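Working through the structure, step by step
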Amino acid sequence: MKTSNPVLSQLGRAAERERAGAYGAYGPGGAPGYGPAGYDQPYPSQAYPAAPPAVRPMTVDDVVVRTVALLAITALSAAAAWVLVPNGLAFPLLIGAALVGMVLGFVISFMRMANPVLVSVYAVVEGAFLGLVSKAFESFYDGIVLQATTATFGVFFLMAILYRARVIRATPKFARIMIAVMTGLFAVMMINLVLSLFGVNTGLRDGGALAIGFSLVCIVVASLSFVLNFGEIEESVRMGLPQKYAWTAAFGILVGLIWLYLEILRLLSFLQDD
């Protein structure tokens, strides 16, 4: 089954290769080359080759289970970092976790098929990062972590309801626009980060009107990114991708939730400062 989503197109071709490879040296017809045994082809060593191993296709429940598991790992890691890391080591560990998490995120994204162990390690690292960031914000703004967490999951479930009701659809045009916007936002954030290291203030993260507007844009885009996730999950199930691809979908949802939480946390801090 064809799809207009470029990522799913690659996943679909990978799944087809896996299913084709499951037949081993002999095709479904019982002879090499995926054709029926002929006079010009050698007979196989056995009359009936072993049946290909069954590959169970992924379901929405598979994605839900893996997403919940990754969220649990992230939450436990965040709680451990919050409680166990002393204040003197918090900042260097926060920077280290941010860098390691970014590298792991790129590796998993370029792999196209998430490895369960690697994704779990990513959840642990990002959990430690979130725990240290949340502790720092909570020390300045009492109750902000609970507010940000509630808002994050509230937005996520709202987007799920809107997608379920077909109010928002992951059309090919929507996907192209979202990918372009997210790429642009990521580039702007990276440039802003590099400039801030050299003491240049662009106003995007200083709590002013521009910073509030930029955070609002990021929150809207992060929220709409879940529509892409839901569309990919729905189409992956329809394409019959193997169960292991559920880890890729769960990873995408986790990344979106982390981004949304951080942006809401930052926006709430700006509003409380005002």
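Residues numbered from 1 in each chain as written. Predicted model: local features only at pLDDT ≥ 70, side-chain atom pairs only at ≥ 80, totals over all residues. Heavy atoms only, no water.

**Structural notes on the pattern of salt bridges**
Scanning all chains against the criterion turns up five salt bridges. A salt bridge links Arg 166 to Glu 234; the shortest N-O distance between them is 2.6 Å. Taken as a pair, Arg 166 in the loop between α5 (144–164) and α6 (172–197) and Glu 234 in helix α7 (residues 209–239) lie far apart in primary sequence, 68 residues in all. According to the relative accessible area criterion, Arg 166 is partly exposed, its value standing at 37%. (Salt bridge = Lys/Arg side-chain N within 4 Å of Asp/Glu carboxyl O. Helix = DSSP H or I, 4+ residues; strand = E, 2+ residues; numbered from the N terminus. Buried < 20%, exposed > 50% of the residue type's maximum accessible area, 1.4 Å probe, protein only.)

**Things to note about the environment of Val 217**
Along the chain, Val 217 turns up in helix α7. Counting along the chain gives 46 residues from Val 217 to Glu 263, while the straight-line C-alpha distance between them is 9.5 Å.

**Considerations on α7**
With 31 residues, α7 should cover 45 Å at 1.5 Å per step; its first-to-last C-alpha distance of 45 Å lies within 8% of that length. Directly beyond the C-terminal end of α7, a positive phi value near 75 degrees is found at Gly 240. (Expected span 1.5 Å × (residues − 1).)

**Quick word on helix α3 (residues 87–111)**
In this model α3 runs 36 Å from its N-terminal to its C-terminal C-alpha over 25 residues, within 8% of the 36 Å that 1.5 Å per residue would give. In α3, a bend of some 25 degrees at Leu 93 exceeds every other bend along the element. Within α3, burial applies to Ala 90, Leu 94, Ala 97, Gly 101, Leu 104, Gly 105 and Ile 108. Contact partners of the buried residues in α3: α4 (116–140) and α8 (246–273). A positive backbone phi angle near 70 degrees is found at Arg 112, which sits one or two residues after α3. (Bend = angle between axes of the 7 residues up to and from the residue. Contact = heavy atoms within 4.5 Å.)

**So, a nonpolar patch on the surface**
A cluster of nonpolar side chains, Ile 191, Leu 193, Val 194, Leu 195, Leu 197, Phe 198 and Val 200, forms an exposed patch at the surface whose accessible area comes to about 690 Å². Here Val 194 lies in helix α6. On the accessibility criterion, Val 194 (43% relative accessible area) is partly exposed. (Patch = residues over 30% accessible without salt bridge, like charges linked within 9 Å, V, L, I, M, F, W, Y side chains within 5 Å. Areas by Shrake-Rupley, 256 points an atom, 1.4 Å probe, with all protein chains shown as cover.)

**Considerations on the packing of α6 against α7**
Look at α6 against α7: their axes get within 10 Å of each other, and the N-to-C directions meet at 140 degrees. In terms of orientation, α6 lies oblique with respect to α7. Judged by the sense of rotation from one axis to the other, the crossing of α6 with α7 is left-handed. Residues Phe 174, Ala 175, Met 178, Val 181, Met 182, Leu 185, Val 188 and Met 189 of α6 form the contact with α7, whose participating residues are Phe 214, Val 217, Cys 218, Val 221, Leu 224, Ser 225, Val 227 and Leu 228. Each residue belonging to the contact of α6 with α7 can be placed in one class, and the counts come to 15 nonpolar, one polar and no charged. (Axes fitted to C-alpha atoms, helices over the stretch in contact; angles between N-to-C directions. Parallel < 35°, antiparallel > 145°, perpendicular 65-115°, else oblique. Left-handed = near helix turned anticlockwise from the far one by under 90°. Nonpolar A, V, L, I, M, F, W, Y, C, P; charged D, E, K, R; others polar.)

**Some thoughts on the confidence of the model for the chain**
Per-residue confidence for the chain averages 84 on the pLDDT scale, and 80% of its residues sit at or above 70. Here residues 1–10 scores under 50 on pLDDT; set against residues more than four positions off or in separate chains, the count is 17 contacts. Throughout residues 20–48 the model reports pLDDT below 50, and contacts reaching past four residues in sequence, or to other chains, amount to 25 contacts. (pLDDT = per-residue confidence, 0-100.)

**A short note on the side chain of Ser 225**
Of note, Ser 225 is situated in helix α7. With sequence-adjacent residues up to four places away left out, Ser 225 is seen in contact with Met 178 and Met 182.

**As for the packing of aromatic side chains**
Summed over all chains, the structure comprises nine aromatic pairs. Arranged with centres 5.7 Å apart and planes meeting at 50 degrees, the rings of Tyr 163 and Phe 230 form a pair that is tilted. With Tyr 163 in helix α5 and Phe 230 in helix α7, this pair connects stretches of sequence that are 67 residues apart. Of the two residues examined, Tyr 163 and Phe 230, each falls in the buried class. (Phe/Tyr/Trp six-rings, centres within 6.5 Å; stacked < 30°, edge-to-face > 60°.)

**Digging into the side chain of Ser 223**
Mapped onto the elements of the fold, Ser 223 is located in helix α7. Classification of Ser 223 as buried rests on a relative accessible area of 7%. Those residues in contact with Ser 223 that sit more than four places away from it in its chain are Val 155, Met 159 and Leu 260.

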